[in-house]
Amino acid sequence: MKARLLAVGERMPAWVAAGWAEYRKRLSRDLPLDLVEIAAGARGKGRDPRRARVEEGQAVLAALDRDVHAVALDGGGKAWSSTELAAQLGQWRMAGRDLALLIGGPDGHAPEVLERADQRWSLGPLTLPHMLVRLVVAEQLYRAVTIVQGHPYHRA
């Protein structure tokens, strides 16, 4: 199984890029993880943020392979503990499909993206910067892999 993170927004700060690269390297053998950055819709004075969200949603859907298992990062989704995420990872692997994790823009996902998603995952009630979410997701996927393998990285 391969995984792709489809994320609205470009140009990670250096410290996020370094963390992302580290976890991507750690995952390379057990869960290859790629990043697809999607340009954020235009926002600002005189611009409609709903239109930006629609544009972002269209771009996310266009970048999404047809038969992947799509998981939208969404505040209204299910919050999983690290061990629950490891169990999800096991289920995703058993399904035999690649995985796509979707991070929306500043205004969240377009309704069409949430409709397409097979699952919704919440990182909890905190509001996190979207660039930081990339790093948190990568670390949690690495943690889930180590839990499945019985590696001591995760201490319950």
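Given the structure is predicted, the values throughout are model-derived calculations rather than measurements.

*Asks:* Run through the side chain of H109, naming residues and quoting values.
*Replies:* Tracing the chain through its elements places H109 in the loop between strand 4 (99–103) and helix 4 (111–116). A distance of 3.4 Å separates the side chain of H109 from the backbone nitrogen of G104, its partner in a polar contact. With sequence-adjacent residues up to four places away left out, H109 is seen in contact with R53, A72, L73, L102, I103, G104 and L114.

*Asks:* Describe the side chain of S82, naming the residues involved and giving the relevant values.
*Replies:* For S82, the location among the structural elements is in helix 3 (residues 82–95). Here Q140 takes part through its side chain, which lies 2.8 Å from a polar atom of the side chain of S82. If we skip the residues at most four places from it in the chain, S82 touches Q140, R143, I147 and H154.

*Asks:* Talk me through the environment of P125; I want residue IDs and the actual numbers.
*Replies:* Positionally, P125 belongs in the loop between strand 5 (119–122) and helix 5 (130–149). What makes P125 exposed here is its relative accessible area of 86%. Between the C-alpha atoms of P125 and R51, which are 74 residues apart in sequence, the distance is 26 Å.

*Asks:* Which residues make up the packing of helix 1 (residues 14–27) against helix 5, and what are the values?
*Replies:* Helix packing geometry: the angle between the two helix axes and the distance between the axes. For the pair helix 1 and helix 5, interaxial distance at closest approach is 9 Å and the crossing angle is 20 degrees. The orientation of helix 1 with respect to helix 5, classified from their angle, is roughly parallel. For the pair helix 1 and helix 5, the sense of crossing is left-handed. On the side of helix 1, the interface is formed by W15, V16, G19, W20, Y23, R26 and L27, while helix 5 contributes M131, L132, R134, L135, A138, E139, L141, Y142 and V145. By residue class, the composition of the contact of helix 1 with helix 5 is twelve nonpolar, one polar and three charged.

*Asks:* Kindly report on the pairing of strand 2 (residues 33–38), identifying the contributing residues and their values.
*Replies:* A regular strand places its side chains so that they alternate between the two faces of the sheet. Bridge count between strand 1 (residues 3–8) and strand 2: six bridges; the pairing is parallel. Paired with L6 across the two strands is V36, which belongs to strand 2. With helix 1 bridging strand 1 and its parallel neighbour strand 2, the resulting β-α-β unit is right-handed.

Rules used throughout
- Residues numbered from 1 in each chain as written.
- Predicted model: local features only at pLDDT ≥ 70, side-chain atom pairs only at ≥ 80, totals over all residues.
- Heavy atoms only, no water.
- Helix = DSSP H or I, 4+ residues; strand = E, 2+ residues; numbered from the N terminus.
- Polar contact = N/O pair within 3.5 Å; in protein donor to acceptor, adjacent residues only side chain to side chain.
- Contact = heavy atoms within 4.5 Å.
- Buried < 20%, exposed > 50% of the residue type's maximum accessible area, 1.4 Å probe, protein only.
- Axes fitted to C-alpha atoms, helices over the stretch in contact; angles between N-to-C directions.
- Parallel < 35°, antiparallel > 145°, perpendicular 65-115°, else oblique.
- Left-handed = near helix turned anticlockwise from the far one by under 90°.
- Nonpolar A, V, L, I, M, F, W, Y, C, P; charged D, E, K, R; others polar.
- Pairing = 2+ DSSP bridges.
- Right-handed = clockwise from strand over helix to strand, strands pointing away.

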